[in-house]
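So the chains spell out like this:
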Amino acid sequence: MKIMGNGVFVSVIILFFFQLNGNVKCQTSTVVNVGALFTFDSVIGRVAKVAIEAAVADVNADPRILKGTKLNFIIEDTNCSVFMGSMSAFQLLERDVVAVIGPQSSSVAHMISFIANGLQVPLISFAATDATLSALQFPFFLRTTLSDSHQMAAMADVIDYYDWHEVVAVFVDDDHGRNGISLLDSQLAKRTSKLSHKLALPHGANASVISDLLDRSREMGVRVYVVHVNPDSGLEIFSMAKQLQMMTSDYVWLATDWLSTHLDSSPTVDPNLLQTLQGVVGLRQHTPASSMKKAFYTRWRGLQKNGRVSSSLNAYGLYAYDTVWTVARGIDEFLKEHGNLTFSFSKRLPNMNDSTVQLEKLKIFDGGRILVNKLLETNFTGLTGQVGFDSNRNLVNSSYDIINIDQASIHRIGYWSHYSGLSVVPPEKLTREQQIMSRVDQKLNNATWPGGKTEKPRGWVIASSEKPLRVGVPNRVSFPDFVTEDQDTHEVKGYCIDVFNAALNLIPYEVPYKFQVFGDGRLNPDYDELVKMVSDDVIDAAIGDITIVTNRTRFADFTQPYAANGLVIVVPIKNMKSSAWVYLKPFTAEMWCVTAVFFLLIGVVIWILEHRINDDFRGSPRRQVITMLLFSFSTLFKTNRKGDHKPVSFDQCKYMFQEDTVSTLGRMVMMVWLFLLMVITSSYTASLTSILTVQQLSSPITGIDSLITSNQPIGLPGGSFVHKYLTDSLNIYEGRLVSLEDTDDYARALQRGPDDGGVAAIVDELPYIEEFLSQHTDFGIAGHMFTKSGWGFAFKKGSPLAVDMSTAILRLSENGDLQKINEKWFCRTGCLLRKGRRSEPNQLHLVSFWGLFLLCAIFTITCLLIFLFRMVRQYVQYKRKRRQLLAISSSDQTPHSTSGLSRVVYNFFDFIDEKEEAIKKMFKPSINPHPPTNDEIR
């Protein structure tokens, strides 16, 4: 329980007690006075009072400790007030107490620690968890409970385990609340999470204040709440949350150990209360099971039956019991070494006789520092486990139970300790190897969340139908295919919009949104200003062709790039007349390759069709191969030679490789091939003429280096980051830069050139330039891309939607959908043409002739199939005729043998290789017929 302080009173106390000194007073009494400060009427105080009394009785009854000296406990009520707690502290110190147990409030502990410093009286608290009390400023303060430094580390580990990145903290605005939440913020920062909002409640806040604060927090979007308050008033927060429909499946509620303290202290827990707390996950101070602890619980239940205590035992009661034993052991060691307890009067206090505050009754405990050291050396096993202190005067062992409220009962889903992290095994049972593995492999059992769901909540809500996501989009003037607003329908569309919608469809939750157009439609908008609007909370996200650059990442978080880009330079294309290989320029590489393949294909097919009937296609194998290769190429020349063998004149040498076609199928193939060849040669001639005769623009700009060193004007897009990059990064004089708004401006400026009010080159991003070059063939890219970046979507800093959208974009890239969207917008006239945009101007592409090539290929293959069908038919007739001749042959003819498949195929090719006239003679009757042999039949 944490109390507000009184600043004026603190100042008075510090003034009089920092430097006290005086006369010595010795006591050898068999009774040692020990004080205790806490709030009697509180969840912790009701249990602590009975636990302390039980411990004092046990200490005084144990002959092994203090050797006849009795502890006399003087208990004072702080009444939930720093002021009253300070007055109670003075009343205790007037009675020569050698130590003070308590207080339970961190605020009161801060105040009394100053007094303890002045009077050198050890202050041992079993309930003040504020970590700042362990500062060197308070050397007489010892803590026998767990510090918030460990509790907030445990809470941060739980948040990190469930992969939540933003948290809302609800706390009482006092020392305990502020310092605890500050520790949580630091621990979350170590785990890449953050405390996005802090809801500070005034001390004693009523239901109206709590309700108003929670209601306003719903607009923040974060749905993970950590409640860090005191056990006496914290339940009101959950009651208000339930009324506001904030205990549903969208929310996560985490509580520090105050909740378990309240629930453990209640003899019977109201089922309606547990229904309200459905799904809450909290911390409970872990105390190992032992026979001592079990016996004390049995003893406590006996006290409840006798009516001596109304509350059930909680962890703070166990710590209060062990605190008494800690003090007793420390005093015992002190008396063994020093014997007497001495106090000193201050020389300055008698001067305060005129004051109503009787400070002269206060004395300094001379053995205070020695007693503190004896307490720090304490090491024993108590109800809470091993009791000992570290260098910060905190308990050496710190561990918590992780609890979950489900189905009107409390379930333990795991443990946390400062040396092992989260695990499902009690910390004291972990071996050394298990402790190491637990830190690496954090585990908790399944939890049930608000609304009764076992699936982990996301922990945040980006938007709702009542408050959709505000998405800013640039209203581009140039290159509208990327993103723009239709002026007639006001529909926002483009390549970037399709990518955004496709990625949004892959996110496993719904995100309502509405577009907010940025730009007047006359000029390209300033993209830096668009991203800045995300940081200024004017919009929630910015989508479009937004380049990811360093200065923009300071204002927003960007997704994974969905389009790679970089800056390139566009200039007029150079004149290629002086090139030694200019004759290759009319065709692209693909066109040359396909044409060469068809030359070979036609030569092979014509050879097959003419071989049986045309002597020009027969002869030695070497001669036939040469004929086959040269025939189709010879069709480039017009021939008038038809079978004569006269010597060829010099004027006729171009026809020297020309052979006539005799077969009908061969001539049909030649007719189609010559038509295709006529189209190709005429197109080649026209293209080559254009390349050799048309004067094209040229530019001295060959790359980024020549661009920087020249003094000529440079064009760039309006509203882009290019201007800032050229001036700041490349140190190009701003007066050289000319802002251009659309592709027509680009073309006009380049055509006019620097001498006529235009520009020598244009610097822009690659996707824009590719789109520009697809429409303007008089320009090309000079040099290489000299920066590399990408387009992404911008979201608010820390927005989890940026991470999920990045994952979705990667999935779009992997499954090919990103490429399909690109083809939808930029391959509408043929992707092959776009891929060849960097080829030379006036080149002929395969896409322009593929129809003719396909027609020629189909016709040629059809003729070849007809020829093969005829050959098979003739071969079958030939075989039948030969068998008939064999049947009427003489009886001494040996029977023919069956042939294998390979032999049949071999004979078929022999049949095709025979000249057709020879085959026909075989079918004519002979004067002296001689029956065929078996080999002839085969």
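Worth saying up front: this structure is predicted, and the values here are computed from it rather than measured.

1. What about the overall build of the protein chain?
Helix and strand counts for the protein chain stand at 31 helices and 31 strands. Residue pairs in contact within the protein chain that sit at least 24 positions apart in sequence constitute 74% of those at least 6 positions apart. When the accessible surface of the protein chain is totalled, it reaches about 44300 Å², and 54% of it is carbon and sulfur.

2. Here we look at the confidence of the model for the protein chain
Per-residue pLDDT for the protein chain has a mean of 83; in total, 83% of the residues score no lower than 70. Note on residues 1–23: pLDDT is under 50 here. Beyond four places in sequence and across chains, it has 72 contacts. Long-range and interchain partners of residues 829–839, a stretch whose pLDDT sits below 50, account for 15 contacts in this model, where long-range means more than four residues apart.

3. Re the nonpolar core
Grouped together as the largest cluster of nonpolar side chains are 111 residues, with contacts concentrated most on I52, F126 and I331. Looking at this core element by element, the count peaks at 13 residues for helix 12 (residues 315–338). Among the domains, domain 1 (31–144 + 292–387) and domain 2 (148–286 + 398–440) are the pair contributing at least three residues each to this core. For I52, the residues in contact, after removing those within four places along its chain, are A36, F38, F73, I101, F126, A320 and V324.

4. Digging into the sheet that holds strand 2 (residues 31–38)
The sheet built from five strands is open, its strands ordered 3-2-4-5-6 with parallel pairing. Single-partner strands in this sheet number two, and they are strand 3 (70–77) and strand 6 (141–143). Two elements, strand 2 and strand 4 (residues 100–101), share two bridges in a ladder whose sense is parallel. In the strand pairing of strand 4, A36 is matched with I101. Against the sheet, helix 2 (residues 43–60) touches strand 2, strand 3 and strand 4, its axis set at about 170° to strand 3. Where helix 4 (residues 106–119) meets the sheet, its contacts fall on strand 2, strand 5 (123–125) and strand 6, and the angle it forms with strand 5 comes to roughly 155°.

5. A look at the pairing of strand 28 (residues 737–740)
Here strand 27 (residues 714–717) runs beside strand 28; their pairing, made up of four bridges, is parallel. Note on strand 28: the bridge partner recorded for L716 is S739. Regarding the hand of the β-α-β motif, the stretch spanning strand 27, helix 22 (residues 722–729) and strand 28 is right-handed.

6. With respect to helix 16 (residues 527–535)
Listing the buried residues of helix 16 in full gives Y527, L530, V531, M533 and V534. Take helix 16 and look down its axis: the buried residues cluster within an arc of 145°, on one side only. Residues of helix 16 that are buried sit in contact with strand 19 (469–474), strand 22 (513–518), strand 23 (541–547), helix 17 (550–553), strand 24 (557–558) and strand 31 (789–795). One side-chain oxygen of the residue at the start of helix 16 lies 3.0 Å from the amide nitrogen of D528, identifying that residue as D526. Positive phi shows up at D537, right after helix 16, with a value of about 65°.

7. Describing unusual backbone geometry
Residues G102 and P103 are joined by a peptide bond in cis, for which omega reads -5°. When you line up the elements, P103 lands in the loop between strand 4 and helix 4. Even without being glycine, Q120 reaches a positive phi, approximately 55°.

8. Points about the pattern of salt bridges
Scanning the model with the defined rule gives 28 salt bridges in all. R218 is the salt-bridge partner of D215, the closest N and O atoms lying 2.5 Å from each other. Close ionic contact of R470 with D540 constitutes a salt bridge, the shortest N to O distance being 2.8 Å. A residue pair is termed long-range when its members are at least 10 positions apart, and R470 in strand 19 and D540 in the loop between helix 16 and strand 23 qualify at 70 residues. With a relative accessible area of 12%, D540 lands in the buried category. Put simply, R470, D537, D540 and K796 are held in one network by salt bridges that share partners.

9. Here we look at the pairing of strand 9 (residues 224–228)
For strand 9, the tally of buried residues reaches five of five residues, placing the bulk of the element in the interior. Burial along strand 9 is two-sided: V224, V226 and H228 and Y225 and V227, pointing in opposite directions, are all buried. Where strand 7 (residues 166–172) and strand 9 come together, four bridges link them in parallel fashion. When the sheet's bridge partners are listed, F171 is paired in strand 9 with H228.

10. Observations concerning the environment of G494
Tracing the backbone shows G494 in the loop between strand 21 (492–493) and helix 15 (495–505). Here G494 falls in the buried class, since its relative accessible area comes to 0%. Taking C-alpha positions, G494 is 4.3 Å from V483, a pair spaced eleven residues apart along the chain. The contacts of G494, once residues within four sequence positions are left out, are D481, F482, V483 and W825.

11. Brief notes about the sheet that holds strand 27
The five strands lie next to each other as 28-27-29-26-30, forming an open sheet whose pairing is mixed. In this open sheet, the two edge strands, each paired with only one partner strand, are strand 28 and strand 30 (779–782). When strand polarity is set aside, the average angle formed by the axes of neighbouring strands in this sheet is 35°. Most of the contacts of helix 22 go to strand 27, to which it runs at about 135°, and overall it touches strand 26 (567–572), strand 27, strand 28 and strand 29 (761–765).

12. Overview of the packing of aromatic side chains
Evaluated as defined, the whole model comprises 41 aromatic pairs. Between the aromatic rings of F238 and W258, the centroid separation amounts to 6.1 Å while the plane-to-plane angle is 25°, which identifies the pairing as stacked. With a gap of 20 residues between them, F238 in helix 8 (residues 235–243) and W258 in helix 9 (residues 258–265) connect regions that are remote in the sequence. The pair formed by F238 and W258 is uniform in burial state, with each residue classed as buried. Arranged with centres 5.7 Å apart and planes meeting at 85°, the rings of F500 and F793 form a pair that is edge-to-face.

13. Structural notes on the packing of helix 12 against helix 13 (residues 368–376)
Relative to each other, helix 12 and helix 13 sit at 125°, their axes nearing to 8 Å. The orientation of helix 12 relative to helix 13 falls into the category oblique. Where helix 12 crosses over helix 13, the handedness of that crossing is right-handed. Residues T326, V327, G330, I331, E333, F334, E337 and H338 of helix 12 form the contact with helix 13, whose participating residues are I370, L371, K374 and L375. Partitioned by chemical class, the residues of the contact of helix 12 with helix 13 number six nonpolar, three polar and three charged.

14. So, helix 3 (residues 82–93)
The terminal C-alpha atoms of helix 3 lie 16 Å apart, and with twelve residues this matches the ideal 16 Å at 1.5 Å per residue to within 8%. Listed as buried for helix 3 are V82, G85, S86, S88, A89, F90, L92 and L93.

15. Considering the packing of helix 15 against helix 25 (residues 800–815)
Axis separation between helix 15 and helix 25 bottoms out at 8 Å; the angle between their running directions is 105°. By the angle class used here, helix 15 and helix 25 are roughly perpendicular. Residues V499, F500, A502, A503 and L504 of helix 15 pack against M805, A808, I809 and L812 of helix 25.

16. With respect to the side chain of T129
Considering the arrangement of structural elements, one finds T129 in the loop between strand 5 and strand 6. By relative accessible area, T129 is classed as buried at 2%. At 3.3 Å, the side chain of T129 and the side chain of H176 are in polar contact.

Cut-offs and rules
Residues numbered from 1 in each chain as written. Predicted model: local features only at pLDDT ≥ 70, side-chain atom pairs only at ≥ 80, totals over all residues. Heavy atoms only, no water. Helix = DSSP H or I, 4+ residues; strand = E, 2+ residues; numbered from the N terminus. Contact = heavy atoms within 4.5 Å. Areas by Shrake-Rupley, 256 points an atom, 1.4 Å probe, with all protein chains shown as cover. pLDDT = per-residue confidence, 0-100. Core = buried A, V, L, I, M, F, W, Y, C linked by side-chain atoms within 4.5 Å. Buried < 20%, exposed > 50% of the residue type's maximum accessible area, 1.4 Å probe, protein only. Domains from an automatic or database assignment. Pairing = 2+ DSSP bridges. Axes fitted to C-alpha atoms, helices over the stretch in contact; angles between N-to-C directions. Right-handed = clockwise from strand over helix to strand, strands pointing away. Arc of directions from axis to C-beta. Polar contact = N/O pair within 3.5 Å; in protein donor to acceptor, adjacent residues only side chain to side chain. Salt bridge = Lys/Arg side-chain N within 4 Å of Asp/Glu carboxyl O. Phe/Tyr/Trp six-rings, centres within 6.5 Å; stacked < 30°, edge-to-face > 60°. Parallel < 35°, antiparallel > 145°, perpendicular 65-115°, else oblique. Left-handed = near helix turned anticlockwise from the far one by under 90°. Nonpolar A, V, L, I, M, F, W, Y, C, P; charged D, E, K, R; others polar. Expected span 1.5 Å × (residues − 1).

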